[in-house]
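Fold and geometry: a report
The primary structure of each chain is shown beneath.
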Amino acid sequence: MAYSDQSGQSIKYLTLLSDQFPNQRAVFSEIINLQAILNLPKSTEHFMSDLHGEYEAFLHILNNCSGVIREHVDEVFGNTLTHEEKGDLCTLIYYPHEKLALVREARQDSPSWYKRMLDQLLAVARRLSSRYTRSKVRKAIPHDFAYIIDELLHTHPDENNYRVRYHERIIDSILETDSTEDFIFALAELIKVLAVDHIHLVGDIFDRGGGAAKIMDRLLRCTHQRTDIQWGNHDILWMGAAAGQPACIATVLRNNLRYDNYEILENDYGISLRELVAFADRTYTAGEPITPLIKAINVLLFKLEGQIIQRHPEFDMEDRLLLDEIDQAAGTVTIGSTSYTLITNDFPTVDPEHPYELNEDEQRIVDKLVYEFTNADHLQRHVDFLYRHGSVYLVRNGNLLFHGCIPMNEDGTFASMNCNGTWRAGRDYLDFCDDIARRAWRTREQDAMDWMWYLWVGNRSPVSGRLVKTFERSYIEDQSTWAEPMDPYFELTRDAYACDAIMREFGLVPGYGHIINGHTPVKTLKGESPLRAEGRLLVIDGGFCQAYHPKTGIAGYTLISSSRGMRLKAHEAFKSVEEALTRNADIQSETTQVDVASRRIMVSDTDTGVEIRERINDLRQLLEAYRSGLIPEHASK
């Protein structure tokens, strides 16, 4: 390579790289290491969607890795352990603290039991660690036990069994020093980390169930597993609220009040509703189908939404301006050319001349709520995590992940949206949505903040994709007005041609890889399948949320992609942690093989492999720069 022609920018990059690899020996070593990694099996990816605050079910599936751990336990021990013994071991891995407490209570915590458990845990950990470099495994081991567990994982018989006796002595010392339980905790956590290397959450962590804050806390602790999130409409809503967007805040309050989730607002995030409740009680009439509190938050929401719609004619949502269509004397609202009877005529703060203006009390409440949401430290940490680990979509290992849809026209072309004066469609539009969401968090400018509300509720929003009828569902008994038309995407992508067009739009090869999204619960009771368009599209919203179980017939889908292919898991409802502990009651799952690899998929076949080969190429350039004298070698630090 002629380095005399190297650009100044390239030389600067190689000089920076030389700080990390200061001489030829260091470069050789790293190239050899990277070449070896390319020949390891692909690590396991775990896909989940639409958790909707169901913390216990999420935690159990995270702990059992959708059955992956049980599969490894079965493979390691075969017929040498009974079904019950394997169940005990799996439960110990899933819930080590709780399981050990039960063992102590039953007085089964003998030295022989502890030794047996340590040996079994090490056997499982040893199998899983074989898929990774020793360096990666060491980083995953809790720091205090890194040296000892690393030694135990790599003990093999030798001619005189010195290593085996060394291993046994370490185990005996662990027992003698009463540190067994700490080692069990460490090994259980290591097994779970090694079983699944990468977690994909395809949107909607928040709302409906009350455990979203606990889910976010758990994700913040997943320091050794790569995690990415494709934002769902409910996530975007909370992100807008945390940034201080008033209409998003009002919607968050309304959603959680309707699902009786006061605790996430007050207990988890410290957001007080006392002033809002007091205002509602003194302003609105009680004893009607809608409570004063819901009445108050509804009117606040429709006023704030109306202000956004009036600021943004490009959103094309003027038909959602319904407060000025209310005839308070007649108790009706006109939609289109039809008049509908309202279930309440209690609108004391709506001025017919200026229906979208907040009165003085309402403005004070909104200002206070904006302050509380933007200063709730716990919420701010959670939303910051969503921004750092999230995006509107992700292209990874030949798959395209997003929560909702790619807005389309009836003829299968990508629908255009006026984005601050520029019409965008397809991938370009999703890139704009990603950028505007980040701008809202970074700058808090009103235009970007208004887009956060549109992304939650807009008909052309890629994370929503439906015409939301909040007013009609709140105030009109005639359910014919409740229908929420969906974007053509949801029907078009039942056919292969539309999915192939989407894959090409995102630079992917049709027929290789899959579109993976959630958002629309799969109604298995009605014969719906999560596999669509000849397997090109996988919808993995199977209804984690308990409210959806009667509709879907299951309690959620998860997807597992490993070196042997891709499997879809349909889960039964999770009973309880207590059931798991006392009866080894795991979540029962039905497995559908989506792809079967004709050969083991290796790291070299993945996006990580592409990145590693690029890194190797950079290192080879650095090596040539050392040999040519373009960059001087120096001693290792």
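In the block above lies the structure referred to throughout.
Residues numbered from 1 in each chain as written. Predicted model: local features only at pLDDT ≥ 70, side-chain atom pairs only at ≥ 80, totals over all residues. Heavy atoms only, no water.

Across its full length, the protein holds 27 helices and 17 strands. Scaling as 2.2 N^0.38, a compact globule of 637 residues should have a C-alpha radius of gyration of about 26 Å, and the protein matches this with 28 Å. With respect to the three principal axes, the spread of C-alpha positions in the protein is 95 × 75 × 45 Å. The buried share among the 637 residues of the protein stands at 56%. Taking as baseline every contact in the protein between residues at least 6 positions apart, the subset at least 24 positions apart corresponds to 71%. On the protein, roughly 27800 Å² of surface is accessible, and the fraction owed to carbon and sulfur atoms is 48%. Positive and negative side-chain charges of the protein, numbering 68 and 95 respectively, have mean locations separated by a distance of 7 Å. (Helix = DSSP H or I, 4+ residues; strand = E, 2+ residues; numbered from the N terminus. Rg over C-alpha atoms; globule rule 2.2 N^0.38 Å. Buried < 20%, exposed > 50% of the residue type's maximum accessible area, 1.4 Å probe, protein only. Contact = heavy atoms within 4.5 Å. Areas by Shrake-Rupley, 256 points an atom, 1.4 Å probe, with all protein chains shown as cover. Lys, Arg positive; Asp, Glu negative; His and termini not counted. Charge placed at Lys NZ, Arg CZ, Asp CG, Glu CD.)

Moving on to the environment of Tyr13. Here Tyr13 shows up in helix H1 (residues 8-20). In this structure, Tyr13 is in contact with Arg615 and Asp618, ignoring residues within four places of it in sequence.

Unlike most non-glycine residues, Asp207 shows phi in positive territory, near 75°. Take Asp207: it is sitting in the loop between strand E2 (198-201) and helix H12 (212-221). Non-glycine residue Asp260 carries a positive phi angle of around 55°. Position of Asp260 relative to the elements: it lies in the loop between helix H14 (246-258) and helix H15 (262-268).

Relative to the helices and strands, Asp434 is located in helix H20 (residues 426-443). The exposure class of Asp434 is buried, given its relative accessible area of 14%. Excluding residues within four positions of it along the chain, Asp434 makes contact with Trp231, Ser391 and Val392.

This paragraph deals with the pattern of salt bridges. For the coordinates displayed, the defined rule picks out 36 salt bridges. Put simply, Arg226 and Asp197 hold a salt bridge, and the shortest N to O gap is 2.6 Å. Of this pair, Arg226 sits in strand E3 (residues 226-230) while Asp197 sits in the loop between helix H11 (180-195) and E2, and the two are 29 residues apart along the sequence. Classification of Arg226 by relative accessible area gives partly exposed; the value is 35%. Across the salt bridge formed by Glu362 and Lys303, the nearest N and O atoms sit 2.7 Å from each other. Taken together, the positions of Glu362 in helix H18 (residues 360-374) and Lys303 in helix H17 (residues 292-311) put the pair 59 residues apart, joining distant regions of the chain. Each member of the pair, Glu362 together with Lys303, is buried. By sharing partners, the salt bridges in this structure join Glu275, Arg282, Asp361 and Arg364 into a single network. (Salt bridge = Lys/Arg side-chain N within 4 Å of Asp/Glu carboxyl O.)

Along E3, four of the five residues are buried, which leaves the element largely enclosed by surrounding structure. Of the pairings in the sheet, the one linking E2 to E3 comprises four bridges and is parallel in character. Looking across to E3, one finds that Ile199 is bridged to Thr227. As judged from the two bridges shared by E3 and strand E7 (residues 390-391), these two strands associate in the parallel manner. Across the sheet, the residue bridging to Gln230 is Ser391, located in E7. (Pairing = 2+ DSSP bridges.)

Quick look at the sheet that holds strand E5 (residues 332-335) now. Overall, antiparallel pairing links the three strands, which are arranged E4-E5-E6 in an open sheet. Every interior strand has two partners, whereas the edge strands, strand E4 (326-327) and strand E6 (338-341), have only one. Here E4 pairs with E5 via two bridges, running antiparallel. Its bridge partner lying in E5, Ile326 is registered against Val333.

Packing of helix H19 (residues 377-389) against H20 leaves a shortest axis separation of 11 Å and a crossing angle of 145°. Between H19 and H20 lies a crossing whose hand is left-handed. Facing Gln380, Val383, Asp384 and Tyr387 of H19, the residues of H20 in contact are Ala437, Arg438 and Trp441. Of the residues contributing to the contact of H19 with H20, the split by class is four nonpolar, one polar and two charged. (Axes fitted to C-alpha atoms, helices over the stretch in contact; angles between N-to-C directions. Left-handed = near helix turned anticlockwise from the far one by under 90°. Nonpolar A, V, L, I, M, F, W, Y, C, P; charged D, E, K, R; others polar.)

This paragraph deals with the sheet that holds strand E8 (residues 393-396). Reading across the sheet, the five strands line up as E8-E9-E12-E14-E13 and stay open at both edges, with mixed pairing between neighbours. Across the chains shown, the open sheet's two edge strands, defined by having one partner strand only, are E8 and strand E13 (531-532). Summarising the sheet, E8 and strand E9 (residues 399-402) pair through four bridges and their orientation is antiparallel. Along E9, the bridge assignment pairs Leu394 with Leu401.

A word on H1. Compared with an ideal rise of 1.5 Å per residue, which puts 13 residues at 18 Å, H1 spans 19 Å between its outermost C-alpha atoms and is within 8% of the ideal. Residues of H1 that are buried make contact with helix H27 (607-628). (Expected span 1.5 Å × (residues − 1).)

All right, on to the packing of helix H3 (residues 55-64) against H12 then. Orientation of H3 relative to H12, taken along the N-to-C sense of each, is 25°, at an axis distance of 9 Å. Between H3 and H12, the angle falls in the class roughly parallel. Of the two elements, H3 crosses H12, and the hand of that crossing is right-handed. Of H12, the residues touching H3 (which contributes Tyr55, Phe58, Leu59 and Leu62) are Lys214, Ile215, Arg218 and Leu219. In terms of residue class, the contact of H3 with H12 is built from six nonpolar, no polar and two charged. (Parallel < 35°, antiparallel > 145°, perpendicular 65-115°, else oblique.)

A few words now on the state of the cysteines. Counting across every chain of the model gives zero disulfides. Cysteine Cys90 shares no disulfide, and the gap to the nearest cysteine sulfur, in Cys65, comes to 11 Å. (Disulfide = S-S within 2.5 Å.)

In this section: the nonpolar core. In this structure, Ile205, Trp453 and Tyr489 are the most contacted members of the largest nonpolar core, which totals 179 residues. Among the elements that make up this core, the one with the highest residue count is H17 (11 residues). Setting aside chain neighbours within four positions, we find Trp453 in contact with Gln245, Ala247, Cys248, Glu305, Ile308, Ile309, Phe315 and Met317. Counting 19 residues, the second-largest nonpolar core is a separate cluster that includes Phe21, Val27, Ile616 and Ala625. (Core = buried A, V, L, I, M, F, W, Y, C linked by side-chain atoms within 4.5 Å.)

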